[in-house]
Amino acid sequence: MRILPFLPLLLLPACTDPRGDDTDTPGDTTDSHPPDDTHIPDDTTDTRTHTGDTQTHTGDTRTHTGDTGPCDDAVCDLSWRLHDGMQSLAYAAWTQAVPGTVHVEYSFDSGVWLSSPSFDAEEGPQEQILVGIPFATEATWRVVVDEVGTFDAPDDILTGAVPSGLPLCTVTIARESEWLPTGHYLLTSINQREGGWTGGTYWTFIMDRQCRVVWARRAPDSHWTLFASVSLDRSFLMWDEATYWSDWDSGAGSSIHKTWLDEEFEEFPAPGLHHTFVELPDGNIAWGSQYHGGEESLVERGPKDADETILWTCADDWPSSGRCESNGLFYRASTDSFLYSFYTNNSIVEVDRATGRSQWWAGEVRDDGTGRQYDFDPSTSQFSWQHGVSYTGSGTLLVSTEGRAGASYHTFVREYTVDHANGLLRNVWSFDSGVFASTNGDAWRLSNGNTLHVLGAAGMIMEADPEGDVVWFVDYHAQKLLGRGEFIEDLWSLVKP
């Protein structure tokens, strides 16, 4: 494993549906856009202007330099600075004249104040990172000492400009009282270039419910990022840097980055990675590999392991599957098994982690005589070009899939009960997005019963309630490929300990 310092990183698939309008060649890295559309240097020079405000901040001149003299009050010398590599992160600084329990409050929306966690501060210089402020935003702030008082900062924080080239969205539906109440932020990724499944400049980012970006990283060297996730313990982020589609190296150079908001701390080698990966409860990481033979292999590696362990291969454990290349992976702890989705045969297989046995499958792969191929009820609910496979908390199967809507194709979410006794997937709920994503997609059942649907190449994100009504709709107004999406309640847990 490579242990890395926190540096400004360039953040950056596989499947193109023959029935879609995506005409790009998978892995195409030839960029017909102007030169400023790729490999744009990180904005580390602080020359930012806040739109709609005549104030320009040119350099981090307002930095905390320590105690400049005795305080006339319990708190003095209030100042701020921006993080060197992530200029949506700010640090509030002050000198404290008396010990006390302290926190920092800050506001950039009228009447709404956010707060840092409280901590016990001794006398002397103090500093507190502030998270969740969007790029290009001015924030008022103050220091609060319990049972002592509130101390207003003399000047507002001004975060850095939105990173050059990062796509921005608009919110077209926002029914706040009906969306996931803990879904304050969304982690996902996007290609800067248009064109569905295509090479380009990929970004991992976090945005709030107003489409304002509060954190962003760019993948280097036209590498792909489509499966960013939060760790199981919610203490750090992981984002994939896949070389399979950019370098045509069978994913030999692919890796998974582990990072706090304010510092990256590990790059985990993941040879063969070309689509998604999953973190396991024991700290291991599993992924579908095009590097380890057997058509495709499901491999696993632990933090201290010298090499990967092959758990399963298409050739040995699913010989009827034909050409084998995956686009989805989900781990289910209660059964210690993987849901494994393949776009090359429009099928899903469940794999036992301990034995490597294919337990059952559904889709277009033929029956091998063992009765492990499951059918669909009704037959018209069979998924096709499925992505984003997962089990819900109640044990139903959820997929993002294309399907017919009259004479057209739309991208749906379909939910199935898995009837092992009768070998059936029974379609119990469907959500028609009303649009068609030529490739990619992600679907998650949320804790309040709503469903998050990321519409891949359509460049849209929807949250729908159980009746199928959209309560949050985000639109990029272009075919910009979106990756996996996940709501985040609390950013503070993602700060370096």
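What you see is a predicted model; the values in this text were computed from it and never measured. (Residues numbered from 1 in each chain as written. Predicted model: local features only at pLDDT ≥ 70, side-chain atom pairs only at ≥ 80, totals over all residues. Heavy atoms only, no water.)

Scanning the protein chain from terminus to terminus reveals two helices and 37 strands. A buried classification covers 59% of the 497 residues belonging to the protein chain. Summed over its atoms, the accessible surface of the protein chain is roughly 19000 Å², and 48% of this surface lies on carbon and sulfur atoms. (Helix = DSSP H or I, 4+ residues; strand = E, 2+ residues; numbered from the N terminus. Buried < 20%, exposed > 50% of the residue type's maximum accessible area, 1.4 Å probe, protein only. Areas by Shrake-Rupley, 256 points an atom, 1.4 Å probe, with all protein chains shown as cover.)

Here we come to the pattern of salt bridges. In total, this model carries 19 salt bridges according to the counting rule given. Notably, a salt bridge pairs R209 with E463, separated by 3.0 Å at the nearest N-O pair. Within this pair, whereas R209 is found in the loop between β14 (202-208) and β15 (213-218), its partner E463 is found in strand β35 (residues 460-464), the two being separated by 254 residues in sequence. When sorted by exposure, R209 lands in the same class as E463, which is buried. Put simply, E486 and R234 hold a salt bridge, and the shortest N to O gap is 2.6 Å. A residue pair is termed long-range when its members are at least 10 positions apart, and E486 in strand β37 (residues 486-488) and R234 in the loop between β16 (229-230) and β17 (237-241) qualify at 252 residues. (Salt bridge = Lys/Arg side-chain N within 4 Å of Asp/Glu carboxyl O.)

Turning our eyes to something else, we now look at the nonpolar core. Ranked by internal contacts, the top residues of the largest apolar core, which has 91 residues, are W141, I206, M207 and L261. With five residues, the top contributor of residues to this core is β14. Counting residues in hydrophobic clusters, the runner-up holds 18 residues, among them L280, A286, L311 and W318. (Core = buried A, V, L, I, M, F, W, Y, C linked by side-chain atoms within 4.5 Å.)

Turning to the side chain of T396, a few remarks are in order. Mapped onto the fold, T396 is located in the loop between β29 (387-391) and β30 (397-405). In terms of polar contacts, T396 uses its side chain to reach the side chain of T392, at 2.6 Å. A polar contact of 2.7 Å, which involves the side chain of T396, links it to the side chain of E415. Excluding its chain neighbours within four sequence positions, the residues that come into contact with T396 are S390, Y391, E415, Y416 and T417. (Polar contact = N/O pair within 3.5 Å; in protein donor to acceptor, adjacent residues only side chain to side chain. Contact = heavy atoms within 4.5 Å.)

Under the definition given, this model contains three disulfides. In this model, C71 is linked to C76 through a disulfide, with the two sulfur atoms separated by 1.8 Å. Measuring the twist about the S-S bond at about -60°, one finds the C71-C76 disulfide to be left-handed. Its relative accessible area of 14% is what places C76 among the buried residues. (Disulfide = S-S within 2.5 Å.)

With that out of the way, let us pick up the environment of T355. As for its position among the elements, T355 is in the loop between β26 (347-352) and β27 (358-362). For T355, a relative accessible area of 59% translates into the label exposed. Linking T355 and S337, residues 18 residues apart in sequence, is a C-alpha distance of 9.7 Å. There is a polar contact of 2.8 Å between the side chain of T355 and the side chain of D352. Polar contacts involving the side chain of T355 include one to the main-chain amide nitrogen of R357, which spans 3.3 Å.

A separate point is the confidence of the model for the protein chain. Here the protein chain averages 89 in pLDDT, and 86% of its residues register 70 or above. Segment residues 1-67 is flagged for pLDDT under 50; beyond a separation of four residues in sequence, or across chains, it makes 206 contacts in the model. (pLDDT = per-residue confidence, 0-100.)

Mapped onto the elements, D208 comes out in strand β14. Of the residues examined, D208 reaches a relative accessible area of 8% and is grouped as buried. A polar contact of 2.8 Å, which involves the side chain of D208, links it to the side chain of R212. Once residues lying within four places of it in the same chain are set aside, the contact partners of D208 are P134, H184, Y185 and W472.

Here the residue pair D377 and P378 is connected by a cis peptide bond, since its omega of -5° sits within 30 degrees of zero. With phi around 55°, D77 is a residue other than glycine that occupies positive phi space. Relative to the assigned elements, D77 resides in strand β3 (residues 75-82). Although it is not a glycine, D336 adopts a positive phi angle of roughly 50°. Structurally, the position occupied by D336 is in the loop between β24 (326-332) and β25 (337-342).

Turning our eyes to something else, we now look at the layout of surface pockets. In this model, the largest pocket occupies a volume close to 920 Å³. With six residues, the top contributor of residues to the lining of the largest pocket is β24. For the lining of the largest pocket, a count of residues per class yields 19 nonpolar, 13 polar and eight charged. Of the volumes computed, that of the second largest pocket is approximately 430 Å³. (1 Å grid on protein atoms, 1.4 Å probe; cavity = no way out; pocket = protein on both sides within 12 Å on 5 of 7 lines; lining within 4 Å. Points joined across faces, edges and corners; volume = space filled by probe spheres on them. Nonpolar A, V, L, I, M, F, W, Y, C, P; charged D, E, K, R; others polar.)

Among the structural elements, Y374 can be located in strand β28 (residues 373-377). Setting aside chain neighbours within four positions, we find Y374 in contact with W360, W361, A362, V418, D419, H420, G423, L424 and L425. Reaching out from Y374, the side chain makes a polar contact with the side chain of H420 at a distance of 2.9 Å.

Moving on to the sheet that holds strand β13 (residues 185-191). If you walk across this open sheet you meet the four strands as β15-β14-β13-β37, and the pairing is antiparallel. The sheet is open, and its two borders are formed by β15 and β37, each paired with just one other strand. With strand direction ignored, the average angle separating the axes of adjacent strands in the sheet is 25°. Where β13 meets β37, three bridges bridge the pair, whose relative direction is antiparallel. Paired with Y185 across the bridge in β37 is I488. (Pairing = 2+ DSSP bridges. Axes fitted to C-alpha atoms, helices over the stretch in contact; angles between N-to-C directions.)

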